[in-house]
Amino acid sequence: MTLDQLKGVAPEVGLKPFAAKQMARWLYEKRVTSINEMTDLSKAAREKLAEKYEIGRKAPIHCATSADGTKKYLFEARPGRPIEAVYIPDRDRATLCVSSQAGCKMNCQFCATGRGGFQGSLTAGEIINQILSIPESESLTNIVFMGMGEPADNLEAVLPALEILTEKWGLAWSPRRITVSSVGKLDGMRQILDKTKVHIALSLHTPFPGRRADIMPVEKAYPLNDVLDLLKQYDFSHQRRLSFEYIMWNGINDDSRHARALARILHGLDCRVNLIRYHALTPDDPMQPSDNETMIRFRDLLNDSGITATIRASRGEDIDAACGMLAGKQNK
């Protein structure tokens, strides 16, 4: 719950509204796991709270650990449909990739989550639980909303979760430590841009709208050109960062023609491009990853064109760390 929501709870149990800050401190600073631990509330108030509410913390049901230190946690959010959170340590950084939905409606051709269907949106509590209930919770430095689901399709939970993460009464994180990814759902993206200061990542994958529509159906409802026009209305030159996610597939989107077109459509935007190695979903997947030489050549073409581009290190492939893969195996 947000502070305003906790203010609504306080009078239900005979407390003054200011007790909401006490409850928030116990939840997000002290990170208690039972209402009885909120010892500066009266015993009677705690008993009334416990009759109607619970903390909501639930431990992961499974953890797979990669040789590179990456860990994929599964949480039970819907009966028979686990959700995933991926912990990625990297020198002085410890990033957690969290899910916002169980499954996804966007049906991107390359995504295991979409192939599993949509089971429902997570609550703010189920999102925050992923962050608080892993053993590495206290050491996290960054949060990315890049797990299962489309964050801009679940603002009822994502916006309160971001408020809890960043407000002083909550976990008090800097928005600069949080990135929200989207396939380009315009109305949701606009609200995230207007109501938060978090970094934005757009799932792009090809500069050609027609080809993008083939692999990302969202292109038909929210054309890439409209998404870019929206992003150009915001300032990404200072504390907020804009990045574009670009999975590379052999012979599909990895030649010089694509690099030049990508540089052209991103011209004038203060941004960077993350080039991502593809984790094939099956051995006979028609979409196969580009080789290292091709990715390096593509990166250099973008950099030479004035677009900052980097190749993201592939992590956790031995534990099916790509979004939706381990949850799908767990279901089977």
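These figures come from a predicted structure and were not determined experimentally.

**Quick notes on the sheet that holds strand 8 (residues 178–182)**
Then step 1. An order of 1-2-3-4-7-8-9-10-11-12 is seen for the ten strands of this open sheet, with the pairing classed as mixed. Each edge of the open sheet is held by one strand with a lone partner, namely strand 1 (62–65) and strand 12 (308–311). For this sheet, the mean angle separating the axes of adjacent strands, direction not counted, is 20°.
Then step 2. Two strands pair when backbone bridges link them, and strand 1 and strand 2 (residues 71–78) are joined in this way by four bridges, in the antiparallel orientation. Bridge pairing in strand 2 links Cys-63 to Tyr-73.
Then step 3. Relative to the sheet, helix 6 (residues 155–166) contacts strand 7 (142–145) and strand 8, its axis offset from that of strand 8 by approximately 165°.

**Things to note about the side chain of Glu-150**
Then step 1. Topologically, Glu-150 is positioned in the loop between strand 7 and helix 6.
Then step 2. It turns out Glu-150 is buried and unbridged, and the closest side chain with the opposite charge, Lys-185, is 7.4 Å from it.
Then step 3. Only 3.0 Å separates the side chain of Glu-150 from the backbone nitrogen of Ala-152, close enough to count as a polar contact.
Then step 4. With residues up to four places along the chain from it excluded, the contact list for Glu-150 reads Ser-100, Gln-101, Cys-104, Met-106, Ser-181, Ser-182, Val-183 and Lys-185.

**Here we look at the nonpolar core**
Then step 1. Phe-145, Leu-231, Phe-244, Leu-266 and Val-273 are the most contacted members of the largest nonpolar core, which has 86 residues in total.
Then step 2. Here this core takes eight residues from helix 6, the largest share from any one element.
Then step 3. Not counting chain neighbours up to four residues away, the residues in contact with Phe-145 comprise Val-98, Ile-127, Pro-151, Val-158, Leu-162, Leu-165, Ile-178, Thr-179, Val-180 and Ser-181.
Then step 4. By size, the runner-up hydrophobic cluster in this structure holds 17 residues, among which are Met-106, Ile-247, Tyr-278 and Leu-281.

**Re the pairing of strand 10 (residues 242–248)**
Then step 1. Of all seven residues in strand 10, seven are buried; the element is thus mostly enclosed.
Then step 2. Neither face of strand 10 is open: one carries Leu-242, Phe-244, Tyr-246 and Met-248, the other Ser-243, Glu-245 and Ile-247, and all of them are buried.
Then step 3. The pairing of strand 9 (residues 199–203) with strand 10 spans four bridges and is parallel. Counted as the bridge partner of Leu-202 is Phe-244 from strand 10.
Then step 4. Note on the crossover from strand 10 through helix 11 (residues 256–266) to strand 11 (residues 272–277): the handedness is right-handed.

**Quick look at the packing of helix 5 (residues 124–132) against helix 6**
Then step 1. Contact geometry for helix 5 and helix 6: axes closest at 8 Å, N-to-C directions at 45°. On the basis of the axis angle, helix 5 is oblique to helix 6. The two elements helix 5 and helix 6 cross, and the hand of that crossing is right-handed. Across the interface between the two elements, Ala-124, Ile-127, Ile-128 and Ile-131 of helix 5 pack against Ala-157, Val-158, Pro-160, Ala-161, Ile-164 and Leu-165 of helix 6.

**Observations regarding the layout of surface pockets**
Then step 1. When its volume is computed, the second largest pocket comes out at roughly 730 Å³.
Then step 2. Elements supplying a minimum of two residues to the lining of the second largest pocket: helix 1 (3–9), helix 2 (19–29), strand 2, helix 5 and helix 6.
Then step 3. Looking at the lining of the second largest pocket residue by residue, the class counts come to 21 nonpolar, seven polar and six charged.

**Some points on the pattern of salt bridges**
Then step 1. Under the counting rule described, the total for this entry stands at 13 salt bridges.
Then step 2. In this structure, Glu-219 and Arg-212 form a salt bridge, with 2.7 Å as the shortest nitrogen-oxygen distance. For the residue pair Glu-219 and Arg-212, the accessibility class agrees, reading buried in each case.
Then step 3. Among the salt bridges present, the one from Asp-300 reaches Arg-299, with a minimum N-O distance of 3.1 Å.
Then step 4. One connected set of salt bridges, linked through shared partners, spans Lys-105, Asp-153, Lys-185 and Asp-187.

**Overview of helix 6**
Then step 1. Taking 1.5 Å per residue as the helical rise, helix 6 with its twelve residues ought to reach 16 Å, and the 16 Å between its terminal C-alpha atoms agrees with that figure.
Then step 2. Counting buried positions along helix 6 yields nine of twelve residues, so the element is predominantly enclosed.
Then step 3. Among the residues of helix 6, those classed as buried are Leu-155, Ala-157, Val-158, Leu-159, Pro-160, Ala-161, Leu-162, Ile-164 and Leu-165.
Then step 4. Contacts made by the buried residues of helix 6 are with helix 2, helix 5, strand 7, strand 8 and helix 7 (186–195).

**Regarding the environment of Asp-229**
Then step 1. Position of Asp-229 relative to the elements: it lies in helix 10 (residues 224–231).
Then step 2. Between the C-alpha atoms of Asp-229 and Leu-27, which are 202 residues apart in sequence, the distance is 40 Å.

**Looking at the environment of Ala-24**
Then step 1. Mapped onto the fold, Ala-24 is located in helix 2.
Then step 2. Ignoring sequence-local partners within four residues, the contact set of Ala-24 consists of Leu-3, Leu-6, Glu-29 and Trp-169.

The rules behind these values
- Residues numbered from 1 in each chain as written.
- Predicted model: local features only at pLDDT ≥ 70, side-chain atom pairs only at ≥ 80, totals over all residues.
- Heavy atoms only, no water.
- Pairing = 2+ DSSP bridges.
- Helix = DSSP H or I, 4+ residues; strand = E, 2+ residues; numbered from the N terminus.
- Axes fitted to C-alpha atoms, helices over the stretch in contact; angles between N-to-C directions.
- Contact = heavy atoms within 4.5 Å.
- Buried < 20%, exposed > 50% of the residue type's maximum accessible area, 1.4 Å probe, protein only.
- Lys, Arg positive; Asp, Glu negative; His and termini not counted.
- Salt bridge = Lys/Arg side-chain N within 4 Å of Asp/Glu carboxyl O.
- Polar contact = N/O pair within 3.5 Å; in protein donor to acceptor, adjacent residues only side chain to side chain.
- Core = buried A, V, L, I, M, F, W, Y, C linked by side-chain atoms within 4.5 Å.
- Right-handed = clockwise from strand over helix to strand, strands pointing away.
- Parallel < 35°, antiparallel > 145°, perpendicular 65-115°, else oblique.
- Left-handed = near helix turned anticlockwise from the far one by under 90°.
- 1 Å grid on protein atoms, 1.4 Å probe; cavity = no way out; pocket = protein on both sides within 12 Å on 5 of 7 lines; lining within 4 Å.
- Points joined across faces, edges and corners; volume = space filled by probe spheres on them.
- Nonpolar A, V, L, I, M, F, W, Y, C, P; charged D, E, K, R; others polar.
- Expected span 1.5 Å × (residues − 1).

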